[in-house]
Amino acid sequence: VLRSLGIPTRVITNFNSAHDTNINLSIDKYIDVSGKTLHLTEDSVWNFHVWNESWFIRRDLGSFYDGWQVLDATPQERSKGIYQCGPASTRAIKEGDVNMDYDSPFVFAAVNADCVTWKQYSNKRKERIYSDTRKTGKCISTKAVGTNTRVDVTDNYKYPEVKEISFKISYSQYKNTLMDDRKILVTAM
């Protein structure tokens, strides 16, 4: 429909697409102390999700947000009481402007949510035991104009992930770091 109105539009596929049901920008999984999954959230990561982008001038948001806008014709969550999603500026998503209207937090989470595993204790205390910051938004793609080749548009949605630095230390050093700071991730030799 948008193309018939002369508005540039393309289909986008997001692989490893997060579905953040509570808009906390993370996909949370809860387990009990024995490792059994607890069903405390409906967050999930889908193999892929597809939406449209259309090129708009955004007088309502300012010219910084002109350009490609996300429009999802198959929203899974209500926005302002109805099932709708967008138009969310891809520039806002990339810049992390999640306080904007038009479902920017939901789209940001779809491409950039952290996947977090929590251990839930019986006293309602929880502890974060794992976090994957690279799982979602692995490859955001569209079809090239005039050919059947894929165009990677991931850089339109997010900055490149920071590379992990791998280092090795002796087991005794590793054991001592656990006493100092349980959040350091290392590889023991």
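Just so we're clear, the structure is a prediction, and the values are computed from it rather than from any experiment. Along each chain, the written sequence defines residue order, and numbers are assigned to residues from 1. Side-chain atom pairs in this predicted model are given and counted only at pLDDT of 80 or more, local residue features only at pLDDT of at least 70, and totals for whole chains, interfaces and linings cover all residues. Hydrogen atoms and water are omitted, and side-chain values are computed over all heavy atoms in the structure.

A. The arrangement of empty space enclosed by the protein in detail. In the cavity and pocket records, a cavity denotes points on a 1 Å grid over the protein atoms alone where a 1.4 Å probe fits but cannot get out, a pocket denotes an open set with protein on both sides within 12 Å along at least 5 of 7 lines, and lining residues are residues with an atom within 4 Å of a point. Grid points are joined across faces, edges and corners, and a volume is the space filled by probe spheres set on the points. Applying the stated criterion across every chain yields a total of 2 cavities of 30 Å³ or more. Quantified by volume, the largest cavity comes out at close to 70 Å³. Forming the boundary of the largest cavity are S17, A18, H19, W46, H49, D72, T74, P75, Q76, F106 and A110. Ranked by the residues each element gives to the lining of the largest cavity, the list is headed by strand β1 (residues 9-19), at 3 residues. Here the lining of the largest cavity is built from residues that sort into 5 nonpolar, 5 polar and 1 charged. Roughly 30 Å³ of volume is contained in the second largest cavity. Among the secondary structure elements, those contributing two or more residues to the lining of the second largest cavity are β4 (44-56) and α2 (104-112). Top contributing element to the lining of the second largest cavity by residue count: α2, with 3 residues. A run of DSSP states H or I qualifies as a helix once it reaches four residues; a run of E qualifies as a strand once it reaches two. Both are numbered from the N-terminal end. Ten residue types, Ala, Val, Leu, Ile, Met, Phe, Trp, Tyr, Cys and Pro, are classed as nonpolar, four, Asp, Glu, Lys and Arg, as charged, and the remainder, Gly among them, as polar.

B. Examining the environment of D60 more closely. In this fold, D60 is placed in the loop between β4 and β5 (67-71). Only protein chains enter the area calculation, which uses a 1.4 Å probe; residues under 20% of their type maximum are buried, those over 50% are exposed, and those in between are partly exposed. For D60, a relative accessible area of 46% gives the class partly exposed. Here a polar contact means two N or O atoms within 3.5 Å. Within protein one must be a hydrogen donor candidate and the other an acceptor candidate, and residues neighboring in sequence count only if both atoms are side-chain atoms. A polar contact is formed between the side chain of D60 and the side chain of R58, at a distance of 2.9 Å. Within the structure, D60 has its side chain in polar contact with the side chain of Y102 (distance 3.0 Å).

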